Amino acid sequence: MNGDVNERDDDRADDLLAERFEQHRPHLRAVAYRMLGSLGEAEDAVQEAWFKLGRADADEVRNLGGWLTTVVGRVCLDMLRSRASRREDPLEWPDGQVRIPDPVISRADTVDPEHEVLLADSVGIALLVVLETLTPAERLAFVLHDLFAVPFEEVAPVLGRTPAATRQLASRARRRVQATPTAPDPDLALQREVVSAFLSAARGGDFDALVSVLDPDVVARADGGALRPGRLMRGADTVASQAITFAAFAQTAVPVLVNGAAGFVAFADGRPVTLMAFTVQGGRIVAIDILNDPDRLAALNLQA
């Protein structure tokens, strides 16, 4: 009889622990997405944190949310280091391979509720691209401290560094982020207006109109996948010329939100051929992130 009672108590304890974990899952997924730039890998990292919690003495964990956040950070750090060991080097400008992180696509009018936590703090594609240029240690220090307010004293043990050294890692990462336009204008209506003007000018082959909506130092990054290595373009004239070429084969452009910012998906013969995410600041486009990898586009299940 006592055995049955103990078993029921254990089951209730397990259910309670699972319920508490699920309350933290959206936050943990957001941490992992910023760390990895991959939705699938982010889910794997969160699941690994659940396994680690099951092997730990949860009763001894006083701050479960903080504990899980650092566990997910450590799992992501290992995953990033594994990438580096497979020579999947961070994006390097201007000559390195450009890789656009996994986009979060929503309807053009509003971010889907399931994406709201994931995209809090304006985690646009442009920011994720810059995070790809950081070392794994810099990325962890910046993401956990600057984006999720984890104290350096708690981040340091994850990295095996002192708090002072961890602070320096975050500072280097912060300078890299601040040197690149990553935060879109908060006025979504203005973003849409600028992107619409860009698209109209590209379709009409109006070079001057295109240049007028582009920042003189605009950066366009394109990820074409393994068979079409990515490229990076700088300057309004260069980007405008390429936009006119692109518009020639894009039959349909459907407006969407890409990580909460204005963008669109271009279709040809009913298939998605390009996803464009725009960073608009001060009424001009300062960055365009382009995904035209056919395999990754197909995985997004986009429809015209």
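Since the structure is predicted, the reported quantities are computational estimates derived from the model, not experimental observations.

Caption draft 1: Structural view of the sheet that holds strand β2 (residues 214–223). Judged by pairing direction, the sheet is mixed, and its seven strands sit side by side in the order β1-β4-β5-β6-β7-β2-β3 without closing on themselves. Two strands lie at the open edges of the sheet, namely β1 (105–106) and β3 (231–234), each paired on one side alone. Sheet topology places β2 next to β3; four bridges connect them, and they run antiparallel. Looking across to β3, one finds that Ala-222 is bridged to Arg-231. The strands touched by helix α8 (residues 188–204) within the sheet are β2, β4 (252–258), β5 (261–268), β6 (271–281) and β7 (284–291), with β5 carrying the most contacts at an inclination of about 30°. Its contacts with the sheet put helix α10 (residues 236–247) on β2, β3, β5, β6 and β7, and the angle it makes with β2 is roughly 50°.

Caption draft 2: Focus on the packing of aromatic side chains. Overall, the coordinates contain three aromatic pairs when judged by the stated rule. For the pair Phe-21 and Trp-50, a centre-to-centre distance of 5.1 Å together with 50° between the ring planes defines the contact as tilted. Taken together, the positions of Phe-21 in helix α1 (residues 2–36) and Trp-50 in helix α2 (residues 39–55) put the pair 29 residues apart, joining distant regions of the chain. Trp-50 sits in the partly exposed class, given a relative accessible area of 24%. Ring geometry for Phe-198 and Phe-278: centres 5.2 Å apart, planes at 65°, overall edge-to-face. Here Phe-278 lies in strand β6 and Phe-198 lies in helix α8, a separation of 80 residues in the sequence. For Phe-198, a relative accessible area of 1% puts it in the buried group. In this structure an aromatic cluster arises from ring pairing among Phe-198, Phe-264 and Phe-278.

Caption draft 3: Molecular detail of the confidence of the model for the chain. Averaged over every residue, the pLDDT of the chain is 85; the share at 70 or more is 85%. Every residue in residues 88–96 scores below 50 in pLDDT, and together they form 19 contacts with partners more than four places removed in sequence or on other chains.

Caption draft 4: Just the packing of helix α6 (residues 152–159) against helix α7 (residues 163–178), in detail. At a minimum axis distance of 8 Å, the contact between α6 and α7 shows a crossing angle of 95°. In this view, α6 runs roughly perpendicular relative to α7, as classed from their interaxial angle. Counting all contacts with α6, which are made through Phe-152, Glu-153, Val-155, Ala-156 and Leu-159, the residues of α7 involved are Pro-163, Thr-166, Arg-167, Leu-169, Ala-170 and Arg-174. The class makeup of the residues in the contact of α6 with α7 is seven nonpolar, one polar and three charged.

Caption draft 5: Fine view of the pairing of β6. Counting buried residues along β6, nine of its eleven residues qualify, which places the element largely inside the surrounding structure. Relative to β6, β5 is paired through six bridges, and the arrangement is antiparallel. The partner of Gly-263 across the bridge, within β6, is Ala-277. Counting the residues that bridge the hairpin from β5 to β6 gives two residues, and of these Asp-269 lies at a positive phi of roughly 55°. In the sheet, β6 pairs with β7 via seven bridges, with the strands oriented antiparallel. Counterpart to Gln-281 in the pairing with β7 is Arg-284. The turn joining β6 and β7, which pair antiparallel and follow one another in sequence, is formed by two residues; a positive phi near 60° is taken by Gly-282.

Criteria and thresholds
- Residues numbered from 1 in each chain as written.
- Predicted model: local features only at pLDDT ≥ 70, side-chain atom pairs only at ≥ 80, totals over all residues.
- Heavy atoms only, no water.
- Pairing = 2+ DSSP bridges.
- Helix = DSSP H or I, 4+ residues; strand = E, 2+ residues; numbered from the N terminus.
- Contact = heavy atoms within 4.5 Å.
- Axes fitted to C-alpha atoms, helices over the stretch in contact; angles between N-to-C directions.
- Phe/Tyr/Trp six-rings, centres within 6.5 Å; stacked < 30°, edge-to-face > 60°.
- Buried < 20%, exposed > 50% of the residue type's maximum accessible area, 1.4 Å probe, protein only.
- pLDDT = per-residue confidence, 0-100.
- Parallel < 35°, antiparallel > 145°, perpendicular 65-115°, else oblique.
- Nonpolar A, V, L, I, M, F, W, Y, C, P; charged D, E, K, R; others polar.

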